[in-house]
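Per-entry structural report
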Amino acid sequence: MIRLSGQVRCGSAADAAIVAQYLPEHIRLSRAEPGCLSFEVGQTEDPLIWSVEESFATRADFDAHQVRTKASVWYQATGHIPRVYEITEG
């Protein structure tokens, strides 16, 4: 299993609004991917920081998710927003 845990750290309310706009579809598509065991993204107490927790059954499933994400409307809209992630296997 591959787990990703981290944050999307918006620099402004405008960036947080972009995340909020594009996030529901990104979550829907991610959860529908083969091997997705869980995919949770939510705003923290700080309205500019979003918590990210996801897990995939295999490295191949996780890698496919990363490829799809980088080619998505979500990433086109939010790719400029910093992310801080830790990825673990096991």
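Analysis parameters
Residues numbered from 1 in each chain as written. Predicted model: local features only at pLDDT ≥ 70, side-chain atom pairs only at ≥ 80, totals over all residues. Heavy atoms only, no water. Core = buried A, V, L, I, M, F, W, Y, C linked by side-chain atoms within 4.5 Å. Buried < 20%, exposed > 50% of the residue type's maximum accessible area, 1.4 Å probe, protein only. Helix = DSSP H or I, 4+ residues; strand = E, 2+ residues; numbered from the N terminus. Contact = heavy atoms within 4.5 Å. Axes fitted to C-alpha atoms, helices over the stretch in contact; angles between N-to-C directions. Parallel < 35°, antiparallel > 145°, perpendicular 65-115°, else oblique. Left-handed = near helix turned anticlockwise from the far one by under 90°. Nonpolar A, V, L, I, M, F, W, Y, C, P; charged D, E, K, R; others polar. Expected span 1.5 Å × (residues − 1). Arc of directions from axis to C-beta.

To continue, consider the nonpolar core. Of all hydrophobic cores here, the largest spans 17 residues; its most connected members are Val-8, Cys-10, Val-19, Leu-23, Val-41 and Trp-50. Elements that contribute at least two residues to this core include exactly β1 (2-9), α1 (13-31), β2 (36-43) and β3 (49-56). In terms of residue count, the dominant contributor to this core is α1 (four residues). Excluding residues within four positions of it along the chain, Cys-10 makes contact with Asp-15, Ala-16, Val-19, Leu-48, Trp-50 and Ile-81.

Looking now at the packing of α1 against helix α2 (residues 59-70). Each pair of packed helices gets described by two things: the angle between the helix axes and the distance between those axes. Remark: α1 packs on α2, axes separated minimally by 11 Å, with the N-to-C direction vectors making an angle of 150°. Judged by the inter-axis angle, α1 sits roughly antiparallel to α2. Here the hand of the crossing between α1 and α2 comes out right-handed. Where α1 approaches α2, its residues His-26, Leu-29 and Ser-30 are matched on the opposing element by His-65, Arg-68 and Thr-69. Across the contact of α1 with α2, the residue classes break down as one nonpolar, four polar and one charged.

Bringing α2 into the picture now. For the α-helix, the turn length of 3.6 residues means that residues three or four positions removed from each other point alike. Between its terminal C-alpha atoms α2 stretches 17 Å, which fits the 16 Å expected from twelve residues at 1.5 Å a residue. Within the span of α2, buried status applies to Asp-61, Phe-62, His-65 and Thr-69. Buried residues of α2, seen end-on, are gathered within an arc of 95° and therefore sit on one face of the element. Away from its buried face by more than 90 degrees, α2 exposes Ala-60 and Val-67. On its buried face, α2 sits against β1, α1, β2, β3, α3 (73-78) and β4 (83-89).

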